[in-house]
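# Structure assessment
Chain by chain, the residues:
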Amino acid sequence: MKTFTDKVAAITGAGSGMGRSLALELARRGTHLALSDIDEASVANTAIACRALGVRLGVRVTSQQLDVAQRDAVFAWARDTAAVHGKVNLVFNNAGVSLSVPAATARQEDFEWLMNINFWGVVHGTQAFLPYLSASGDGHIVNTSSLFGIIAMPTQSAYNASKFAVRGFTEALRMELDLAGSPVSCTCVHPGGVATNIVTTSRIDDSIAAFTGIDAQTHRRRANKLIDVTSAEAAARQILAGVQRNARRVLVGPDARRVDKLARLLGASYQALVVWFYRRSAMSGKRATGATSAHSTTTESSTH
Ligand SMILES: NC(=O)c1ccc[n+]([C@@H]2O[C@H](COP(=O)([O-])OP(=O)(O)OC[C@H]3O[C@@H](n4cnc5c(N)ncnc54)[C@H](O)[C@@H]3O)[C@@H](O)[C@H]2O)c1
């Protein structure tokens, strides 16, 4: 896809972060937009901003509340998008959530909540839009994995599982599309740290304190610092550049590019390095405090 002008793009999770920035950047480039998010007010706000930016280029913007975990609702949204906009060229399966909890104490309901959004949401969006993307004659699927779909991290087993799954799903899909000579292509996006609301709204299980030696609030504060590497606006531009060059994989940010290189160099031994780094890093309080497991288990109201 060489240009985004006069194309139609559907974006999930468009109310915040990279989804919102993708919408704004595409509106500037003259792309018609179908926006969705589980948070109705935030996506309505993005839609207003996109209409204002795209007015000169006659950009049409629709928006609606949508939970990507709901398969039937995603298929209905794809049908409506094709009917209202006349075609669909791009789908950005971007919506995602995060969860920090040691694997041993992860609750089934938290695991399912995250997998239903991060993994099944991507599958739903891909399968729902694929027929319309094919019909457009020039389609592209953009699935958001993560740097944590390339390497794993302690306390991220659920998130890692979902993002490795997105990567496997998307890479297999890309080869199938290639083999079929399809007019649709796809790209797997692996952002490193991007300054968005993902950490602020993440679920952080209280059991993390016994494992890391830091409580949920401190973990959230430190994680927010760690993702402050690339802006959402810069991330959106890097993702769109990747779509334009039909990249199989887009690494977003210098941290993602660095860590990807290291992981390829070290193979599975990267884990020993992570353990070493983790013991000394901001995400573990044990070294600094000497703490083991005697910590209060404060739950932030937003975490469950
Ligand atoms: N920010 C980072 O550092 C980072 C790094 C790697 C990958 N990612 C991934 O990038 C994607 C975008 O996240 P972001 O960083 O912009 O976060 P964000 O929290 O700013 O935006 C995510 C959006 O998804 C929406 N959402 C949540 N659950 C939903 C659901 N069930 N249905 C529909 N929408 C839902 C939220 O309301 C929010 O608007 C996610 O898939 C995330 O996992 C983010």
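Here we summarise the structure given alongside this text. Just so it is clear, the model here is predicted, and its values are computed rather than measured. (Residues numbered from 1 in each chain as written. Predicted model: local features only at pLDDT ≥ 70, side-chain atom pairs only at ≥ 80, totals over all residues. Heavy atoms only, no water.)

This part takes up the pattern of salt bridges. Taken as a whole, this structure holds 12 salt bridges when the rule is applied. Here E171 and R249 are joined by a salt bridge, their closest N and O atoms 3.0 Å apart. Of this pair, E171 sits in helix 6 (residues 157-180) while R249 sits in strand 11 (residues 249-252), placing them 78 residues apart in sequence. Overall, the relative accessible area of 31% leaves E171 in the partly exposed class. D178 is the partner of R174 in a salt bridge, and the nearest nitrogen-oxygen pair spans 3.5 Å. (Salt bridge = Lys/Arg side-chain N within 4 Å of Asp/Glu carboxyl O. Helix = DSSP H or I, 4+ residues; strand = E, 2+ residues; numbered from the N terminus. Buried < 20%, exposed > 50% of the residue type's maximum accessible area, 1.4 Å probe, protein only.)

So, about the sheet that holds strand 11. Spatially, the 7 strands line up as an open sheet ordered 3-2-1-4-6-7-11, and their pairing is parallel. In the strand order of this sheet, the two ends are held by strand 3 (61-65) and strand 11, each with one partner. Taken over all neighbouring pairs, the strand axes of this sheet differ in orientation by 15 degrees on average, direction set aside. Strands in contact with helix 3 (residues 71-85) are strand 1 (8-11), strand 2 (32-37) and strand 3; relative to strand 2, the strand with the most contacts, it is inclined by about 155 degrees. (Pairing = 2+ DSSP bridges. Axes fitted to C-alpha atoms, helices over the stretch in contact; angles between N-to-C directions. Contact = heavy atoms within 4.5 Å.)

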